[in-house]
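Notes for the structure review
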Amino acid sequence: MRGLRRALVAVGLGALVGAILRLLGADRTPTEHGGWRELRGPELR
Amino acid sequence: MSAPTPPTRRVAVIGAGIVGVRAIRELLSPLGGLGAGPAPTRPILVTRRPDRADQLRSSFGDAVEVRTGDRALPHDVGTVVVTRASDDQLDVVTEQLRHGRDVVSTADAPDVVSSLLGLHDTAVRSDAALVVGAAMSPGWSCLLAAHAATLFDRVDELHVARDGAAGPACARQRLRALRGTALDRRDGAWVRRAGFSGRELVWFPDPIGGRDCYRADLAEPLVLVPAFPTAARVTARLAATRRDRALAPFPVLLPPPTEGGPGAIRVEVRGVRDGERHTAIYGALDRPAVAAAAVAAVAALRVLGGDRRPGAHGLASVGGALDMLRELARRGVRAAAFEGAHSLDVDDMGPSRG
């Protein structure tokens, strides 16, 4: 019974830590290749 | 396509929220090359709230006629811009069409947009033009799609993504869209997909940059599919954070802000030109309320100028996308092209053929 309780607590803590890391983890995005250029001149003629 | 110029040059804006008030300001600013004849005379702004009316009267003075309640509009009003929350638009639009007025609607909720497109026969019978979804997205996105399509011999796919929301009604609609069921066009058939599915990293113009975007219940496919009958795939996605996703099932306790921060749209068009497959990507960055108001006002000025198509159509179907984009750019609402490793170099394509 005691072992089961410990296992449940461990699983719960693991899930909590996982959820926190997932929500607050760094949203690092890959490097962008290329770039944006304003539409002007011939493109709007 | 063009009908005779309407005899009246007065515009009314129904809905005095953040988009409606900005639309009035756009209507007061001088006309560029859009529409023939003089600028519209003293626009009317209709609000349901007397306290808001007093506030607006002191702000606009005599330049704008501020009205309250649902009194009938004067007979010299030829064009009406409806900027109320999407759910409140259908009755107003129907009534104005029955009076034979041209209507520009900023509705972005798919069910409302679908109902408005269903008013096509009513509009044709009244010889009135109904422009559906004249906001940032749909609206500006439709103009960019129409303009990008001129680079191709055949358009195969359109993919639209949006980040941000305008006023409180728009923020509520954004949340509903993410919690709803997306409607994608795939191989000529409508396919329903769960909201918050299909995560895709989408690059918006700087400084917004990369954002995770998800399927959502958005109106773009409804207005883009009729404009691009050859497109086998039409999708729309909405930017959201992991936190939005995790908290989606729970009620929102905090009210939405009066105005959201900067928003962006990205329109990706894939197709064939000279027998080769290409991709063109256009994007735009602005405050959603500013962009939506400018698009609605420019669409109204175009209709008022006599360039109108009776019936209910999205902005990609009414024609003149280039004129409207040029007028938007003149008003400071500017678009951009993405030059990526695999995107189409629009300079190499020469001037667009639209």
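Our subject is the structure that appears above.
Residues numbered from 1 in each chain as written. Chains lettered and ligands numbered in written order. Predicted model: local features only at pLDDT ≥ 70, side-chain atom pairs only at ≥ 80, totals over all residues. Heavy atoms only, no water.

1. A closer look at the overall build of chain B
Counting its secondary structure elements, chain B contains 12 helices and 16 strands. Approximately 14300 Å² of chain B is accessible, and the part contributed by carbon and sulfur atoms is 50%. (Helix = DSSP H or I, 4+ residues; strand = E, 2+ residues; numbered from the N terminus. Areas by Shrake-Rupley, 256 points an atom, 1.4 Å probe, with all protein chains shown as cover.)

2. Topic: the layout of surface pockets
Residue and element names in this part refer to chain B. Approximately 850 Å³ is the volume found for the second largest pocket. Along the walls of the second largest pocket sit 37 residues, with Gly17, Thr83, Arg84, Ala85 and Ala169 positioned nearest its centre. Sorting the residues of the lining of the second largest pocket by element identifies helix 1 (18-28), strand 2 (41-47), helix 7 (168-179) and helix 10 (288-304) as the ones contributing at least two each. At 6 residues, the largest contribution of residues to the lining of the second largest pocket is made by helix 7. By residue class, the composition of the lining of the second largest pocket is 15 nonpolar, 13 polar and 9 charged. Both domain 1 (10-135 + 291-329) and domain 2 (140-290 + 332-349) contribute no fewer than three residues apiece to the lining of the second largest pocket. (1 Å grid on protein atoms, 1.4 Å probe; cavity = no way out; pocket = protein on both sides within 12 Å on 5 of 7 lines; lining within 4 Å. Points joined across faces, edges and corners; volume = space filled by probe spheres on them. Nonpolar A, V, L, I, M, F, W, Y, C, P; charged D, E, K, R; others polar. Domains from an automatic or database assignment.)

3. Overview of empty space enclosed by the protein
The tally for this structure, following the rule as stated, stands at 4 cavities of 30 Å³ or more. Here the largest cavity is characterised by a volume of approximately 90 Å³. Along the walls of the largest cavity sit 12 residues, with B:Val131, B:Val303, B:Asp307, B:Arg308 and B:Val318 positioned nearest its centre. Secondary-structure elements contributing two or more residues to the lining of the largest cavity are strand 6 (129-132) and helix 10 of chain B. In terms of residues, the lining of the largest cavity owes the most to one element, helix 10 of chain B, which gives 3 residues. Grouping the constituent residues of the lining of the largest cavity by class yields 8 nonpolar, no polar and 4 charged. Empty space within the second largest cavity amounts to approximately 50 Å³. Along the walls of the second largest cavity sit A:Leu39, A:Leu44, B:Trp140, B:Leu144, B:Leu325, B:Ala329, B:Val333, B:Arg334 and B:Ala335, which together make up its complete lining. Mapped by element, the contributors of at least two residues to the lining of the second largest cavity are helix 6 (140-149) and helix 11 (321-330) of chain B.

4. Some points on the nonpolar core
All names here are of chain B. Grouped together as the largest cluster of nonpolar side chains are 93 residues, with contacts concentrated most on Leu45, Leu130, Trp140, Leu144, Phe228 and Leu315. Of all the elements, helix 10 adds the most residues to this core, at 11 residues. When we break this core down by domain, the ones giving at least three residues each are domain 1 (10-135 + 291-329) and domain 2 (140-290 + 332-349). Discounting chain neighbours no more than four positions away, the residues touching leucine 315 are Val131, Val132, Gly133, Ala134, Gly139, Cys142, Leu143, Val295, Ala299 and Met324. (Core = buried A, V, L, I, M, F, W, Y, C linked by side-chain atoms within 4.5 Å. Buried < 20%, exposed > 50% of the residue type's maximum accessible area, 1.4 Å probe, protein only. Contact = heavy atoms within 4.5 Å.)

5. As for the pattern of salt bridges
Residues and elements named next belong to chain B. According to the stated counting rule, one finds 30 salt bridges over all chains in the structure shown. Of the charged contacts in the structure, one is a salt bridge between glutamate 157 and arginine 270, with a shortest N-O distance of 2.9 Å. Highlighted residues: glutamate 157 in strand 7 (residues 154-163) and arginine 270 in strand 13 (residues 263-273), separated in sequence by 113 residues. The partly exposed category is assigned to arginine 270, whose relative accessible area is 25%. For arginine 330, the salt bridge goes to glutamate 327, with nearest N and O atoms at 2.9 Å. With arginine 330 and glutamate 327 both in helix 11, this residue pair falls 3 residues apart, about one helical turn. For arginine 330, a relative accessible area of 45% gives the class partly exposed. Judged by its relative accessible area of 3%, glutamate 327 falls in the buried class. It is possible to trace a salt-bridge network through shared partners that takes in Arg154, Asp156, Glu157, Arg233, Arg266, Glu268, Arg270 and Arg277. (Salt bridge = Lys/Arg side-chain N within 4 Å of Asp/Glu carboxyl O.)

6. Focus: the packing of aromatic side chains
All names here are of chain B. Summed over the entire model, instances satisfying the criterion amount to 2 aromatic pairs over all chains. Consider the rings of phenylalanine 196 and tyrosine 214, whose centres lie 5.3 Å apart with planes at 65°: the pair is edge-to-face. Placement of phenylalanine 196 in the loop between strand 9 (189-194) and strand 10 (200-203) and of tyrosine 214 in strand 11 (residues 210-215) is noted, with a sequence separation of 18 residues between them. Residues phenylalanine 196 and tyrosine 214 agree in their burial class; the two are buried. Sitting over the ring of tryptophan 190, arginine 185 keeps its end group 4.8 Å from the ring centre. (Phe/Tyr/Trp six-rings, centres within 6.5 Å; stacked < 30°, edge-to-face > 60°. Lys NZ or Arg CZ within 6 Å of the ring centre and 35° of its normal.)

7. Observations concerning the side chain of B:Arg215
Following the sequence through the fold, B:Arg215 ends up in strand 11. Contact partners of B:Arg215, with chain neighbours within four places excluded, come to B:Ala182, B:Asp184, B:Arg193, B:Ala194, B:Gly195, B:Phe196, B:Ser197, B:Gly198, B:Ala236 and B:Arg237.

8. Here's the deal with helix 11 of chain B
Residue and element names in this part refer to chain B. Extensive coverage of helix 11 is indicated by the burial of 7 of its 10 residues. Every buried residue of helix 11 is listed here: Ala321, Leu322, Met324, Leu325, Glu327, Leu328 and Ala329. The inward-facing, buried residues of helix 11 contact helix 6 and helix 10. At the exit of helix 11 stands glycine 332, carrying a positive phi of roughly 90°.

9. Observations regarding the packing of helix 10 of chain B against helix 11 of chain B
Residues and elements named next belong to chain B. Orientation of helix 10 relative to helix 11, taken along the N-to-C sense of each, is 125°, at an axis distance of 10 Å. With respect to each other, helix 10 and helix 11 are oriented oblique. Judged by the sense of rotation from one axis to the other, the crossing of helix 10 with helix 11 is right-handed. Contacts between helix 10 and helix 11 involve Ala294, Val295, Val298, Ala299 and Arg302 from the former and Asp323, Met324, Glu327 and Leu328 from the latter. Tallied by class, residues from the contact of helix 10 with helix 11 come to 6 nonpolar, no polar and 3 charged. (Axes fitted to C-alpha atoms, helices over the stretch in contact; angles between N-to-C directions. Parallel < 35°, antiparallel > 145°, perpendicular 65-115°, else oblique. Left-handed = near helix turned anticlockwise from the far one by under 90°.)

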